[in-house]
Every structure is written in C-alpha cells, then in structure tokens.
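# Chain and residue survey
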Amino acid sequence: MTANKVLLLNIVGLTPRLLAHAPRLRALAADGWQAQLDTVLPAVTCSAQSTMLTGRPPRDHGIVGNGWYFRDLGEVYLWRQHNRLVQGEKVWETARRADPDYRAANVCWWYAMGASTDWTITPRPVYHADGRKSPDCYARPPELHDQLTDELGAFPLFNYWGPTASLRSSEWVVAASRRLLPDADLTLAYVPHLDYDLQRHGPDSPQALAAVRDVDRTVAPLLDDAQASGATVVVVSEYGITPASRPVDVNRMLRQSGLLEVYTQEGMEYLDPWTSRAFAVADHQVAHVYVDNPADVGAVAKLCQDLPGVDLVLDREAQADYGIDHERAGELVLVAEQGAWFTYYYWLDDARAPDFARGVDIHRKPGYDPAELFLDPADRTAKARVLLGLAKKKLGLRYTMNVVPTDGRWVKGTHGRLPDDPADGPVLLCSDPAARRDRIAAADVRDLVLESAGIADTT
C-alpha cells in the first residue's frame, strides 16, 4: 500500500491565544480545522511527546517528566535520549505493521537516539576529552550528519538552549525537515523557539508576541512544501506557557526539615539522594518527591501541602487519577499553584552552590533550571565573561560559562500543570477538514496521524 504523507509539526508553547499573532498558521487552520488539545500531567516536553507518539498516558509509557530519579542507579537524570526509555509502540511502528515500507523521519522530537525511525536528527554535543563541549547533533543514517552540516552549518546547539537561545535553532530544524520531507511518509519536526522568550519575558510580553510572528514566518516554507506535496499537516503543541511569579524552593524546605542531605566536595554541596529521606526532582510546575521510607510519606505530604505555592500533593492513589502512577514517579507528585513553579535549589548559601549551578548543565542539575535562559541580570560582568569564554573556545582552550543566575525571580513564564483556561493551553491544527474534531486528547494524536496516513490500527 502507499500511505498518505503526514507532517507532524510540534510548535512547543503555541496556544489559541497566541495563534492570533500567527497568520500563516491561522490560514492552515481556516482551510482545515483547529481543536483544543488536552495535554497530560505533567505538561512538559518528554511526557507530552511520548503520549502523542504512543497513544498512552505516562503510567503506561513511563515518561513521568523530563527526568526522574533512577532508583536502580541512585542518580537523578534529566534529558536522557535513548528511545527505549519510552515503553510502548510508537506511531510509525504501528504504521509499519500495515505497511512494512513505511518511512519516518524525526527532526528533534525527544528520545530520538536508538529509535526505529529511518532518519533521525537530535541535539548531541561533542564532549571533548579536555572538558570542552562543542555544538553538534546526532544523525542517522551516519552520512546524513555531514550532508546537513555541509548544507546548513553545524547544528546551533547554543541557540537551542541557554542564554543565547534564539530563532536560529528553529530555522535550522525547519531547513533540515524540508530536506527530509520529500522522502518520508511521516516527518516529525520540533520547533523550540516559543519556549525561550515566553519563559524569559512572560507569554503576554512584546517579546513573546514577536517570537510568535518569527515562528510563523519560519515554518511557512515547510508548510508550503508539505501542502505542495499533498501531505496532511498536523500542528501540535505540548503545553501553554503562563505567567510565572513565584519560585517555590521545595528542596530547601525538605533540607530545613532534616529530610534532604548533601555531601561536600571542595566547599561545594551536592544533593545526596542515597542518604536523603526525601528530596524532589523539580520539573517546571511539577515535582516528584522521592521518599525513602514508606512510613515518612504522610509526614512529607503534610510538609509539602503546607509549603506556599503548592496546589496538589498526589500520592500513588491520587496519581492514578491523572495517569501518572508509574514506578518511576515519586512517592508524591506535587503540582504548583497557578503562577508558581518549583526550583531545584537545595543549598542554603549561594557560596556553597556547586559550580554547575551557574552554568548551562542540563545533565548534572538534579532538576530543571529555567534560569539557564538568562545571563545573570545581577552580574554586570556576565556578558564580558561570555565573550571571554567564546574567545577561549575559538582558541581551543577550556572555558566555563558561569553566568547563569541562581535566583528564580527572573523567570516570567512557566508550564507543567494542566491549563486553567483552554485559551492558554495547547492547540492542534490540521490541514484536512475531513478529520475535524472540536477537542482531542494528546493520546489521540497518534490515531489522527494514522487516520491521516490512511492506515488502520490493527491492534
């Protein structure tokens, strides 16, 4: 059989309210349709994407956040990349049971490494032996890497996240997606740009509205290519970003309560998950609290519920109501109040903070850190030190970018809790009017892709 081509375009952070500032995307919806997209808890990238690609909630696919405490390793890890962490069949694998020749391309959707897609592109820096980190990506087939970098330049990793995150990374993703689109039956493309200024400045800021217009203009050529090729375009977002005003230091509370422990090396404090009775893995507006002794769960729940900024404290039974009751989840899952979000900070004195706290270090921090989007506004030397670091990099010397603030007050946008207003939640657009829905669950995106491809799910 010959499948119909589908472009599944993930414009993270797009909402019905922001769509008003995106004329090209509005035109796609006008010719097709627009629906409220009911996301999952936590409304974060890895959980939402995994649900859309498997048709399962986090309790089944196991992606309970952008990271969690790996109990068998005794380590907190965020932003792991191997696809086998996602439990369950992915949409292109389902399609191949009906059409063994079905071809899929993935451009920057997460958990890409080791996936069974035919083409794969995902951020992957070069970690040099001397400690330097260079921007790059992982690509499969292997020859695709050099073809893309020759045509588009090196993957702009430092524009993909961090203080210098910008439109350039989204432009690279769109260009790579346009290159793969003609050969793939299903093209997955992830456009990150709205994440940046909406978290930096807030979703109602002039910078946020300018970012929407920039994204709309950037994706237009990809939309044109898809529609010219007869592909059905499905645009999704994972969450909406809402105003942030209250950082909540859950780990500091647990430490002050005698539950979280640290160990010290060279005057720097590190989270000690092996000996802590309770600690939290903060992930935007959701935090997984891991409690070592079941007898402590009730007392820890009471402490968390009394912490200002906490809305919900979900034990295993309550987690089941939200589809997040997987063994990887914390014994407790916290949901922040509207406007609040959880920091990962566990030290009580900035002089004792680990050196990675002031850098962009997503794999060493035991929680998500939106402050990585900023050059410390309170540090007048930050820009000068960035320039010095870049000069050292060009000379092949080791350098550190210790310019990130350790104060959450600069963050103006957040996400993770289920939306209070659908206008500020995620949205789905589809170019095919025959597939119209008024509302769609994230788990049903998989079925929409199969329907748009003309493939029946035989499970």
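Keep in mind it's a predicted model, so treat the numbers as computed, not measured. (Residues numbered from 1 in each chain as written. Predicted model: local features only at pLDDT ≥ 70, side-chain atom pairs only at ≥ 80, totals over all residues. Heavy atoms only, no water.)

## Looking at the sheet that holds strand 10 (residues 186–191)
- One open sheet accounts for 9 strands, arranged 9-6-5-10-1-11-22-2-23; its pairing is mixed. Where the open sheet ends on each side, the last strands, each with one partner, are strand 9 (137–140) and strand 23 (439–441). Sheet twist, expressed as the average angle between the axes of neighbouring strands with direction ignored, equals 15 degrees. (Pairing = 2+ DSSP bridges. Helix = DSSP H or I, 4+ residues; strand = E, 2+ residues; numbered from the N terminus. Axes fitted to C-alpha atoms, helices over the stretch in contact; angles between N-to-C directions.)

## As for the side chain of Arg 200
- Tracing the chain through its elements places Arg 200 in helix 8 (residues 194–201).
- A distance of 3.3 Å separates a polar side-chain atom of Arg 200 from the backbone oxygen of Gly 162.
- Of note is the side chain of Arg 200, whose polar atom sits 3.2 Å from the backbone oxygen of Pro 163.
- Excluding residues that lie within four positions of it along the chain, Arg 200 makes contacts with Gly 162, Pro 163, Thr 164, Ala 165, Leu 373, Phe 374, Trp 410 and Lys 412. (Polar contact = N/O pair within 3.5 Å; in protein donor to acceptor, adjacent residues only side chain to side chain. Contact = heavy atoms within 4.5 Å.)

## Considering the sheet that holds strand 17 (residues 286–291)
- Ordered in space as 16-17-19-18, the 4 strands form an open sheet in which the pairing is antiparallel. Bordering the open sheet on either side are strand 16 (278–283) and strand 18 (310–314), each of which pairs with just one other strand. Strand after strand, the sheet turns through a mean of 20 degrees between neighbouring axes, direction not considered.
- Here strand 16 pairs with strand 17 via 6 bridges, running antiparallel. Across the sheet, Phe 279 pairs through a bridge with Tyr 290, a residue of strand 17.
- Contacting strand 16, strand 17, strand 18 and strand 19 (332–336), helix 11 (residues 297–305) runs over the sheet at an angle of about 165 degrees to strand 18.

## Some remarks on empty space enclosed by the protein
- The final tally for this structure, using the stated rule, is 2 cavities of 30 Å³ or more.
- Its volume calculated, the largest cavity comes out at about 90 Å³.
- Taken together, 13 residues form the lining of the largest cavity, with Leu 53, Asn 83, Val 86, Trp 110 and Tyr 111 sitting closest to its centre.
- Considering every element that reaches the lining of the largest cavity, the biggest residue donor is helix 3 (residues 45–54), with 4 residues.
- Residue composition of the lining of the largest cavity, grouped by class: 7 nonpolar, 5 polar and 1 charged. (1 Å grid on protein atoms, 1.4 Å probe; cavity = no way out; pocket = protein on both sides within 12 Å on 5 of 7 lines; lining within 4 Å. Points joined across faces, edges and corners; volume = space filled by probe spheres on them. Nonpolar A, V, L, I, M, F, W, Y, C, P; charged D, E, K, R; others polar.)

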